[in-house]
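Summary of structural features
These are the residues of each chain, in order.
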Amino acid sequence: MNINLDSLAIFIAASLVLVLMPGPNTLYVMTRGITQGRRAALISALGASSGDLLYALSAALGLAFILQQSVILYSIIKICGALYMLFIGIQLMQNNKTVIGDIEPAKQEECKNLFVKGFLTSALNPKTAIFFVSFFPQFIDANSEFAAFTMLLYGFTFFLLGLIVLILYAQASSFVRQWLMSKQKVEQYFRWLTGGLFIGLGIKLMIPDSR
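We now turn to the structure provided with this report. (Residues numbered from 1 in each chain as written. Predicted model: local features only at pLDDT ≥ 70, side-chain atom pairs only at ≥ 80, totals over all residues. Heavy atoms only, no water.)

1. A closer look at the overall build of the protein
Along the protein, the regular secondary structure elements total nine helices and zero strands. Along the chain direction, N to C, the helices and strands of the protein fall in the order α-α-α-α-α-α-α-α-α. Per-residue burial for the protein yields a buried fraction of 45% across its 211 residues. Within the protein, contacts between residues separated by at least 24 positions form 89% of all contacts whose residues are at least 6 apart in sequence. A total accessible area of about 11,800 Å² is found for the protein, and carbon and sulfur atoms account for 67% of it. (Helix = DSSP H or I, 4+ residues; strand = E, 2+ residues; numbered from the N terminus. Buried < 20%, exposed > 50% of the residue type's maximum accessible area, 1.4 Å probe, protein only. Contact = heavy atoms within 4.5 Å. Areas by Shrake-Rupley, 256 points an atom, 1.4 Å probe, with all protein chains shown as cover.)

What follows is the structure, encoded as structure tokens:
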């Protein structure tokens, strides 16, 4: 099988631009890093990127196309995603405890929860699936017998790029955390700001759109 290196290079460049743009995954990873430390952010980044990988694999297997065509299934996932975003936002805003405190050693259960929550942040956004269905075919020859394999390759490439970018955001969040720890008054505003952003994302997901 021959890989079109020119198409792959263009795909990587286009994907890099997309993953660098802030979104729900970025906001979630940064929030975890600032409130719980760099390790929590890294685990969350892996979980969120795994959600993207799930949709990439679904696109290669044709499952994402089914989601694109099914209004009911799309709406169910979208509503679940909206409710999850609202839950995160309200949880942040109602937390009266100090958000930024000493980092406790993460237990195995905590690591698992961080990964799952990061995964859900991405997996409960059906627009991710629609993106893959719309974006990937532009770089893949649909008539090729290796089209599905090529899509898997591109999907894994997108996953790696997204993971690398989220890791960079996770690293950056640790510096923001250190700054906020020296300015406890700013912490309350940060909690309300991030909580409000998640609630805003949840409301936006609930607004009907034309796909």
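2. Regarding the environment of Gly 162
The topology assignment puts Gly 162 in helix H8 (residues 147-181). Judged by relative accessible area, Gly 162 falls into the buried class, the value being 8%. Sequence-wise, Gly 162 and Leu 46 are 116 residues apart; in three dimensions their C-alpha atoms are separated by 9.3 Å. Discounting residues that sit within four places of it in the chain, Gly 162 has contacts with Val 19 and Ser 49.

3. Describing a nonpolar patch on the surface
Taken together, the side chains of Val 17, Leu 18 and Met 21 define a hydrophobic patch exposed on the protein surface, amounting to about 270 Å² of accessible area. Tracing the backbone shows Leu 18 in helix H1 (residues 5-20). (Patch = residues over 30% accessible without salt bridge, like charges linked within 9 Å, V, L, I, M, F, W, Y side chains within 5 Å. Salt bridge = Lys/Arg side-chain N within 4 Å of Asp/Glu carboxyl O.)

4. A look at helix H2 (residues 24-36)
Counted at 1.5 Å a residue, the expected span for H2 with its 13 residues is 18 Å, and the 18 Å between its end C-alpha atoms agrees. Within H2, eleven of the 13 residues are buried, leaving the element largely enclosed by the surrounding structure. Buried within H2 we find Asn 25, Thr 26, Leu 27, Tyr 28, Val 29, Met 30, Thr 31, Arg 32, Gly 33, Ile 34 and Thr 35. One or two steps after H2, the chain reaches Gly 37, where phi turns positive at roughly 105°. (Expected span 1.5 Å × (residues − 1).)

5. Overview of the nonpolar core
Counting residues in hydrophobic clusters, the biggest one holds 16 residues, and the most contacted among them are Phe 11, Phe 132, Phe 136, Tyr 154 and Phe 158. Of all elements in the fold, only H1, helix H3 (38-61), helix H7 (127-135) and H8 reach the threshold of two or more residues within this core. Per-element tally for this core: the top contributor is H8, with four residues. Not counting the four nearest positions on each side in its chain, Phe 158 is found in contact with Phe 11, Ser 15, Val 19, Asp 52, Phe 131, Phe 132 and Phe 136. Ranked by size, the runner-up nonpolar core spans seven residues in total, among them Leu 27, Tyr 28, Leu 124 and Phe 198. (Core = buried A, V, L, I, M, F, W, Y, C linked by side-chain atoms within 4.5 Å.)

6. Points about the environment of Ile 10
Residue position: Ile 10 is located in helix H1. The class for Ile 10 is exposed, based on a relative accessible area of 51%. In the structure, Ile 10 is positioned 129 residues away from Phe 139 in sequence and 8.3 Å away in space, judged by C-alpha atoms.

7. Here's the deal with the side chain of Thr 26
Within the element layout of this structure, Thr 26 appears in helix H2. Those residues in contact with Thr 26 that sit more than four places away from it in its chain are Met 21, Leu 166 and Tyr 169.

8. A look at the packing of aromatic side chains
Tallied over the full model, the rule gives two aromatic pairs. Consider the rings of Phe 156 and Phe 159, whose centres lie 5.7 Å apart with planes at 35°: the pair is tilted. Here Phe 156 pairs with Phe 159, and both are found in helix H8, just three residues apart, close to one helical turn. A relative accessible area of 42% means that Phe 156 is categorised as partly exposed. A residue is classified by how much of its surface remains accessible, and Phe 159, at 10% relative accessible area, is buried. (Phe/Tyr/Trp six-rings, centres within 6.5 Å; stacked < 30°, edge-to-face > 60°.)

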